[in-house]
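The lines below spell out each chain.
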Amino acid sequence: MKPYRLAVIPGDGIGQEVIPAGVEVLRAIAAKQGTFAFEIESFDWGSDHYRRHGVMMPADGLDQLRRFDAIYFGSVGDPEIPDHITLWGLRLAICQSFDQYANVRPARLLPGIEGPLRKGKLDCVIVRENSEGEYAGQGGRSHRGLPEEVATEVSIFTRRGVERIMRFAFDLAMTRRRHLTVVTKSNAQRHGMVLWDEIAREVATDFPDVEVRFELVDAMTTTFVLKPESIDVVVATNLHADILSDLASALSGSMGIGPTANLDPERRFPSMFEPIHGSAFDIMGKGIANPLGSFWTGALLLDHLGEAAAAKALMTAIEEVTASGGPRTPDLGGQAGTADVTEAVLSAIAAG
Ligand code: IPM
Ligand code: MG
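Residues numbered from 1 in each chain as written. Chains lettered and ligands numbered in written order. Predicted model: local features only at pLDDT ≥ 70, side-chain atom pairs only at ≥ 80, totals over all residues. Heavy atoms only, no water.

Focus on the overall build of the chain
Heads up, the condition is: We count a stretch as a helix when DSSP gives it H or I for four or more residues in a row; a strand needs E for two or more, and each element gets its number in order from the N terminus. Put simply, the radius of gyration uses C-alpha atoms, and a globule should come to 2.2 Å times the residue count raised to 0.38. When accessible area is computed with a 1.4 Å probe and restricted to protein chains, residues below 20% of their type maximum are described as buried, those above 50% as exposed, and intermediate ones as partly exposed. Contacts between residues were defined by any pair of non-hydrogen atoms, one from each residue, lying within 4.5 Å. Here the open area of atoms and residues is found with the Shrake-Rupley method and a 1.4 Å probe, where only the protein chains shown may cover a residue. We treat Lys and Arg as the positive residues and Asp and Glu as the negative residues; His and chain ends play no part in the count. In this description, the location of a charge corresponds to atom NZ of lysine, CZ of arginine, CG of aspartate or CD of glutamate.
Along the backbone of the chain there are 11 helices and 12 strands. Relative to its length of 352 residues, the chain is compact, with a C-alpha radius of gyration of 20 Å against a globular reference of 20 Å. With respect to the principal axes defined by its C-alpha atoms, the chain has extents near 55 × 50 × 40 Å. The buried share of the chain, reckoned over its 352 residues, is 52%. A separation of at least 24 residues holds for 75% of the contacts in the chain among residues at least 6 apart in sequence. Of the roughly 15300 Å² of accessible surface on the chain, 52% is carried by carbon and sulfur atoms. Charge-centre separation for the chain: the mean point of 34 positive side chains lies 4 Å from the mean point of 47 negative side chains.

What follows is the structure, given as structure tokens:
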């Protein structure tokens, strides 16, 4: 029996509801496969920890996480604490310190789910550069509060950073429909974005079988809505892909469905897996959060651990529940609760 050490950080808001559901499902899939098991440790880090201790996680938090095979993460964000404190104190601290430079976000209409689009089928993966760009954290503020106050927020694009995410995206395109859309804003942003386009062209010569399309980010929003079927793999900067992935998530029926992997493809550090939806304080504590995003995230986690059969079995169970008109949470137009959807997926796993 292969043991995997899994760090679980439910975090804030509905993370505390959907992650325990996801852990149940992950344990069930492991039991069903019978070849591996999870050794799970939970961490109560997040905004409540901040209220008690003044920090989102302990000073040695990253050292504690380092020894795990993967991190299963809920969300951060709290109405009482500024977002930039909660985010940089936990989620971004983990992503950046563990050099999880590839943020991978599949989006597709699961069977039985109706998206907002009348035509066109969405089945894509957004590859988001996750270590630099607009999130590099460079900049500062001077003359606070004075009329002369100035703030800078500097985007950083390095050849190394752009090349590695490009190679990752091309590799991924090779495993799918062999089509890659390189998204930039190189008409207006003529330094970093032009470097991005140039490196894409260089890397493309190593992948002659991948068809490459260059698209500006504003135009890309219309492509998502009007021609979703033309999109396979998308590679974009940290901020551009952040925005596009919310759009893709909404087009796949609900923000409650989409998964995310924050990967260190070189496996020097643990990678981190989280649903895309965030803390969703408006529905917290009501038991109605959609756990499908966490379950799909679990499938990405299994894939990363090399448990492809288990990942597939989990996706099949999820799709059986969506296709068969099984229970639906309110974000999908139903009245079921988190527990009902979890039960249905657990039954599908048991029957699978
Ligand atoms: C996401 C979120 C985060 C991001 C926020 C919460 C910082 O929007 O995971 O897409 O922009 O990275
Ligand atoms: Mg986002």
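Let's pick the thread back up.
Description of the environment of A102
With respect to the helices and strands, A102 occurs in strand β4 (residues 102-108). On the basis of relative accessible area, A102 is assigned to the buried category, the value being 0%. When the C-alpha atoms of A102 and S271 are compared, they prove to be 9.6 Å apart, with 169 residues separating the residues in sequence. The contact partners of A102, leaving out residues within four places of it in the chain, are R128, N130, I165, F168, A261, N262, L263 and P265.

What to know about the packing of helix α9 (residues 292-304) against helix α10 (residues 308-323)
In a packed pair of helices, the relevant descriptors are the angle between the two axes and the axis-to-axis distance. We apply this condition: The axes are straight lines fitted to the C-alpha atoms, using for helices just the contacting stretch, and the angles between their N-to-C directions are given from 0 to 180°. Should an angle lie under 35 degrees it is considered roughly parallel, over 145 roughly antiparallel, and from 65 to 115 roughly perpendicular; all remaining angles are considered oblique. The hand of a helix crossing depends on one turn: near helix anticlockwise from the far one by less than a right angle means left-handed, and clockwise means right-handed. Residue polarity is assigned by list, with Asp, Glu, Lys and Arg as charged and Ala, Val, Leu, Ile, Met, Phe, Trp, Tyr, Cys and Pro as nonpolar; anything else, Gly included, falls into the polar class.
The contact between α9 and α10 brings their axes to 7 Å, and the two run at 160 degrees. The angle between α9 and α10 places the two elements in the roughly antiparallel class. Crossing of α9 over α10 shows left-handed handedness. Taking contact as the criterion, the partners of L292, F295, W296, G298, A299, L302 and D303 in α9 are, on α10, A308, A310, A311, L314, M315, I318 and T322. Residue composition of the contact of α9 with α10, by class: 11 nonpolar, two polar and one charged.

Comments concerning the site of ligand 1
To keep it simple, the criterion reads: Here a residue is considered near a molecule or strand provided that any single heavy atom belonging to it is located within 4 Å of it. Under this definition, polar contacts are N or O atom pairs within 3.5 Å; protein pairs additionally need one hydrogen-donor-capable and one acceptor-capable atom, and for neighbouring residues in sequence, both atoms have to be side-chain atoms.
Taken together, the residues surrounding ligand 1 are L87, R91, R105, R128, Y135 and D242. A distance of 2.7 Å separates an oxygen atom of ligand 1 from a polar atom in the side chain of R105. R128 has a polar side-chain atom sitting 2.8 Å from an oxygen atom of ligand 1. If ligand 1 stood free it would expose 320 Å²; the protein chains cover 75% of that surface. Looking at the shell around ligand 1 residue by residue, the class counts come to two nonpolar, no polar and four charged.

Focus: the side chain of R91
Checked against the element boundaries, R91 lands in helix α4 (residues 83-97). Excluding residues that lie within four positions of it along the chain, R91 makes contacts with F73, V76, T86, N103, R105, N262, M272 and E274.

Thoughts on the pattern of salt bridges
Applied cut-off: A carboxyl oxygen of Asp or Glu within 4 Å of a side-chain nitrogen of Lys or Arg is what we treat as a salt bridge.
A full pass over the atoms with the stated rule returns 25 salt bridges. The partner of D232 in a salt bridge is R176, with the nearest N and O atoms 2.7 Å apart. Placement of D232 in the loop between α7 (217-226) and β10 (233-236) and of R176 in the loop between α5 (159-174) and β8 (179-184) is noted, with a sequence separation of 56 residues between them. With a relative accessible area of 27%, R176 lands in the partly exposed category. The closest approach of N and O atoms between K185 and D218, which form a salt bridge, is 3.0 Å. Here the residue K185 occupies a position in the loop between β8 and α6 (192-204), and D218 occupies one in helix α7, the gap between them amounting to 33 residues. Under the relative-accessibility criterion, D218 is labelled partly exposed at 42%. Beyond isolated ion pairs, a larger network of salt bridges with shared partners links D99, R164, D264, E266 and R268.

Some points on the sheet that holds strand β11 (residues 259-263)
Note the following rule: DSSP calls a pair of strands paired once it identifies at least 2 bridges connecting them.
Taking strand neighbours across the sheet as the criterion, the 10 strands line up as β2-β1-β3-β12-β11-β4-β5-β10-β8-β9 in an open arrangement whose pairing is mixed. Either end of the sheet is taken by a strand with one partner, and the two such strands are β2 (36-42) and β9 (211-216). The mean angle between the axes of side-by-side strands here comes to 25 degrees, regardless of whether they run parallel or antiparallel. Across five bridges, strand β1 (residues 2-11) lies against strand β3 (residues 70-75) in parallel orientation.

Some words on the environment of H304
Mapped onto the fold, H304 is located in helix α9. What makes H304 buried here is its relative accessible area of 11%. Sequence-wise, H304 and G15 are 289 residues apart; in three dimensions their C-alpha atoms are separated by 21 Å. Not counting residues within four places of it along the chain, the set of residues in contact with H304 comprises L263, R267, S271 and F273.

Re the nonpolar core
Inside soluble globular proteins, nonpolar side chains tend to come together where they are buried. Here is the rule we go by: Residues belong to a common nonpolar core when they are buried Ala, Val, Leu, Ile, Met, Phe, Trp, Tyr or Cys residues joined through side-chain atoms within 4.5 Å. Note that the domain bounds reflect an automated or database-derived domain assignment.
Of all hydrophobic cores here, the largest spans 71 residues; its most connected members are F38, M166, L180, V235, L302, L314 and V345. Residues lining this core come from more than one domain, with at least three contributed by each of domain 1 (1-104 + 265-352) and domain 2 (116-251). Aside from chain neighbours lying at most four places away, what touches L302 is L26, I29, F36, F38, E307, A310, A311 and L314.

Examining α4
Stated precisely, the cut-off is as follows: Bend at a given residue is defined as the angle between two axes, one fitted to the seven residues that end at that position and one fitted to the seven that begin there.
Taken as a whole, α4 carries its principal kink of about 40 degrees at R91. Among all positions in α4, only T86, L90, R91, L92, A93, I94 and C95 are buried. Once α4 finishes, D99 follows within two positions and takes phi at roughly 45 degrees, a positive value.

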